[in-house]
Amino acid sequence: MLHGDSYLISAVEKIALVGVPEWDRNRPMPPRALVLCPPGLEAQVFPPAVLDQISRSAALPWGIVDPSKWRESPEQTSQAEVIISTWGMPGLDGEFLQAAPALKAVFYAAGSVKGFVTEECWQRGIVVSSAWAANGIPVAEYSLGTILLSLKRFWHFSRMAREGDSTRDLHVPGCYHSKVGLVSLGAVGRATARMLHPLEVVLLGHDPFLPGEQAAELGISLVSLQELFRECDVISIHTPWIPATERMITGGLISSMKEGATLINTSRGAVIAEDEMIEVLRRRPDLSAVLDVTYPEPPAQDSPLRSLPNVILTPHIAGSLQRECARMGSWMADELRRFAGGEPLRYGINKAMLEKMA
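Residues numbered from 1 in each chain as written. Predicted model: local features only at pLDDT ≥ 70, side-chain atom pairs only at ≥ 80, totals over all residues. Heavy atoms only, no water.

### Structural notes on the packing of helix H7 (residues 132-151) against helix H9 (residues 187-196)
At step 1: Contact geometry of H7 with H9 gives a least axis separation of 8 Å together with a crossing angle of 45 degrees. Taken as axis vectors, H7 and H9 run oblique relative to one another. The way H7 lies across H9 gives a crossing that is right-handed. For the pair H7 and H9, contact is made by Trp132, Gly136, Ile137, Val139, Ala140, Glu141, Ser143, Leu144 and Ile147 and by Ala187, Val188, Ala191, Thr192, Met195 and Leu196, respectively.
At step 2: Residue classes in the contact of H7 with H9 are distributed as eleven nonpolar, three polar and one charged. (Axes fitted to C-alpha atoms, helices over the stretch in contact; angles between N-to-C directions. Helix = DSSP H or I, 4+ residues; strand = E, 2+ residues; numbered from the N terminus. Parallel < 35°, antiparallel > 145°, perpendicular 65-115°, else oblique. Left-handed = near helix turned anticlockwise from the far one by under 90°. Contact = heavy atoms within 4.5 Å. Nonpolar A, V, L, I, M, F, W, Y, C, P; charged D, E, K, R; others polar.)

### Some points on the sheet that holds strand S13 (residues 348-349)
At step 1: With respect to topology, six strands assemble into an open sheet ordered S2-S1-S3-S4-S5-S13, the strand pairing being mixed. If you trace the sheet from one side to the other, it starts and ends with strand S2 (64-65) and S13, each paired once.
At step 2: Inspection of the sheet shows strand S3 (residues 82-85) paired to strand S4 (residues 105-108) by four bridges, in the parallel sense. Bridging from a neighbouring strand, isoleucine 84 pairs with phenylalanine 107 of S4. (Pairing = 2+ DSSP bridges.)

### Section: the pattern of salt bridges
At step 1: In total, this model carries 14 salt bridges according to the counting rule given.
At step 2: Two residues, arginine 56 and aspartate 52, come together in a salt bridge whose shortest N-O distance is 2.7 Å.
At step 3: With a relative accessible area of 48%, arginine 56 lands in the partly exposed category.
At step 4: Overall, aspartate 52 belongs to the partly exposed group, its relative accessible area being 30%. (Salt bridge = Lys/Arg side-chain N within 4 Å of Asp/Glu carboxyl O. Buried < 20%, exposed > 50% of the residue type's maximum accessible area, 1.4 Å probe, protein only.)

### Focus: the packing of aromatic side chains
At step 1: Summed over the entire model, instances satisfying the criterion amount to seven aromatic pairs.
At step 2: Ring centres 6.0 Å apart and planes at 85 degrees place the aromatic pair tryptophan 132 and tyrosine 347 in the edge-to-face group. You can see tryptophan 132 sitting in helix H7 and its partner tyrosine 347 sitting in the loop between helix H14 (325-340) and S13, a full 215 residues away along the chain.
At step 3: What makes tryptophan 132 partly exposed here is its relative accessible area of 26%.
At step 4: Considering the side-chain rings of tryptophan 331 and tyrosine 347, the 5.4 Å spacing of their centres and the 20 degrees angle between planes classify their relative orientation as stacked. Of this pair, tryptophan 331 sits in helix H14 while tyrosine 347 is found in the loop between H14 and S13, placing the two residues 16 residues apart along the sequence.
At step 5: Among the aromatic residues, those joined into a ring-pair cluster are Trp132, Trp331 and Tyr347. (Phe/Tyr/Trp six-rings, centres within 6.5 Å; stacked < 30°, edge-to-face > 60°.)

### Section: the side chain of threonine 192
At step 1: Looking at where threonine 192 falls in the secondary structure, it is placed in helix H9.
At step 2: In this structure threonine 192 comes out as buried when scored by relative accessible area, which is 0%.

### Things to note about the nonpolar core
At step 1: Formed by 27 residues in total, the largest nonpolar core has its most connected members in Phe229, Ile254, Leu263 and Ile272.
At step 2: Counting residues per element, the ones that place at least two in this core are helix H11 (225-231), strand S9 (234-237), helix H12 (251-255), helix H13 (274-283) and strand S11 (288-291).
At step 3: Considering every element that reaches this core, the biggest residue donor is H13, with four residues.
At step 4: Discounting chain neighbours no more than four positions away, the residues touching phenylalanine 229 are Val183, Ile235, Ile249, Leu253, Ile254, Ser256, Met257, Lys258 and Leu263. (Core = buried A, V, L, I, M, F, W, Y, C linked by side-chain atoms within 4.5 Å.)

### Quick word on the confidence of the model for the protein
At step 1: Per-chain confidence: the protein averages 91 in pLDDT, with 92% of residues scoring 70 or above.
At step 2: Counting interchain partners and residues more than four positions distant, the pLDDT-below-50 stretch residues 1-25 has 40 contacts. (pLDDT = per-residue confidence, 0-100.)

### Some thoughts on the state of the cysteines
At step 1: Counting across every chain of the model gives zero disulfides.
At step 2: Cysteine cysteine 232 remains unbridged, with the sulfur of cysteine 175 as its closest cysteine sulfur at 14 Å.
At step 3: When its relative accessible area of 0% is taken as the criterion, cysteine 232 is described as buried. (Disulfide = S-S within 2.5 Å.)

### Side note on the packing of H7 against H14
Between two packed helices, the angle of one axis relative to the other and the distance separating the axes together describe the packing.
At step 1: One can describe the packing of H7 onto H14 by two numbers: an axis separation of 8 Å at closest approach and a directional angle of 155 degrees. With respect to their mutual orientation, H7 and H14 come out roughly antiparallel. Considering only the axes of H7 and H14, their crossing is right-handed. In this structure, H7 contributes Ala133, Ala134, Asn135, Ile137 and Pro138 to the contact, and H14 contributes Arg327, Met328 and Trp331.

In structure tokens, the structure reads:
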């Protein structure tokens, strides 16, 4: 039963359920689910195992539908009671919601929902859930890998080795008792902290929204942004891009970093004042910047970020890619199960939360 609504099984629907043993045909009809996924991503986000997982909580009368073609099949949109989607989700504006009068919930097998939620969506009471936490796992893994390499000054030594210089007498922090700074301690920042905990690093964090007792449980000492940049050997940014954080990481902060320190950004490029960062990196060849995100993205062809020797660029690969995407689909299938069973959601998002999220 879905939030008290009764789904009566017609004769046609009973016939349709033959051969679906995982659903008890004596129970009320499961909600009709519309699965939206751009062509080419189906096998990544919604492989057969995930579709089977979804089918245990919902009826799938339409298979997987291209989200760009929702207007071409109005009967699907009008009958859908839940949507399970991923990248390419249509905006929940007045037009879409008018075409989807039965819609009660959207389960988004990707990260940020800001690209499609609207005021009309909240007013209508549509439940929204996102796989942001699942998408954060590979970001934390990427952060862990780059932090460990940075503590060995991998980027600097790699550059030296290519130039034929085998000098090793530079300052190399290593892991033992070195300071790692985490800017913002949301899901990704906390996951990164947990991964770092066994490695005997000293964790400093900056997050005005995280209570001190929760930081202490993670083994993190909360400090000011200025102290974090001044004290840490590696700094990893996990800040959501909201008006309050745009250009938050200034050239002054980066200029205050220790000799040989590394800055890592896997959040959004706009949280760094990139013009100021470029100026500092030109003056401070001892610093390194590992940037998985930039603003704009990708950087312009003539951007100094492409040519500065102490900048390492990756093309936004920290988040879920290929096989990792199935985790997001699976988590949303499990969230659908909770919704269909009247259980509390784990990853539900409301309007107030969204103001502080990426």
